[in-house]
Amino acid sequence: MASIYRALTEHAKREAYPEAVEAAHANFATLGTAGELPGPRLARPDRASL
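Computed from a prediction, not measured in an experiment: that's the story for all the values here.

Cut-offs applied
Note that residues are indexed from 1 along each chain, following the sequence as it is written. Selection of residues for local features in this predicted model requires a pLDDT of at least 70, selection of side-chain atom pairs for listing and counting requires 80 or more, and totals for whole chains, interfaces and linings are taken over all residues. Side-chain numbers here rest on the full set of heavy atoms in the structure, without hydrogens or water. Only DSSP runs of H or I reaching four residues or more are called helices, and only runs of E reaching two or more are called strands; each is numbered from the N terminus. Burial classes: relative accessible area under 20% of the type maximum marks a residue as buried, over 50% as exposed, and values in between as partly exposed (1.4 Å probe, protein chains only). In these tables, accessible area is a Shrake-Rupley quantity obtained with a 1.4 Å probe, and a residue counts as shielded only by the protein chains included in the view. For patch building, the residue pool is restricted to those with more than 30% relative accessible area and no salt bridge; the joining distance is 9 Å between like charges and 5 Å between nonpolar side chains (Val, Leu, Ile, Met, Phe, Trp, Tyr). Salt bridge criterion: a side-chain nitrogen from Lys or Arg within 4 Å of a carboxyl oxygen from Asp or Glu.

A. Layout of the overall build of the chain. Assigned secondary structure in the chain consists of two helices and zero strands. Burial statistics for the chain: of 50 residues in total, 0% are counted as buried. Split by element, the accessible area of the chain, about 5,000 Å² in all, is 60% carbon and sulfur.

Okay, here's the thing in structure tokens:
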């Protein structure tokens, strides 16, 4: 049930601030081409299992 409310809230934000969503997408695309996005994290062994 919470995920439905979360999705509705996100949709309402996108409807209310379309220019902010567009700007965020443009910024993300710029980061990707500049190589500034972090890569995947390396797996580390679980300390509890040691």
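B. Local environment of a nonpolar patch on the surface. Judged by side-chain polarity, Met1, Ile4, Tyr5 and Leu8 come together as a nonpolar surface patch covering roughly 490 Å² of accessible area. Inspection of the secondary structure assignment puts Ile4 in helix 1 (residues 2–16).

C. Fine view of the pattern of salt bridges. Counted under the stated rule, the structure contains one salt bridge. In this structure, the salt-bridge partner of Glu10 is Lys13, at a minimum N-O distance of 3.7 Å. One end of the pair is Glu10 and the other is Lys13, both in helix 1 and three residues apart, which spans about a single turn. Residue Glu10 is classed as partly exposed on the basis of its relative accessible area, which comes to 34%.

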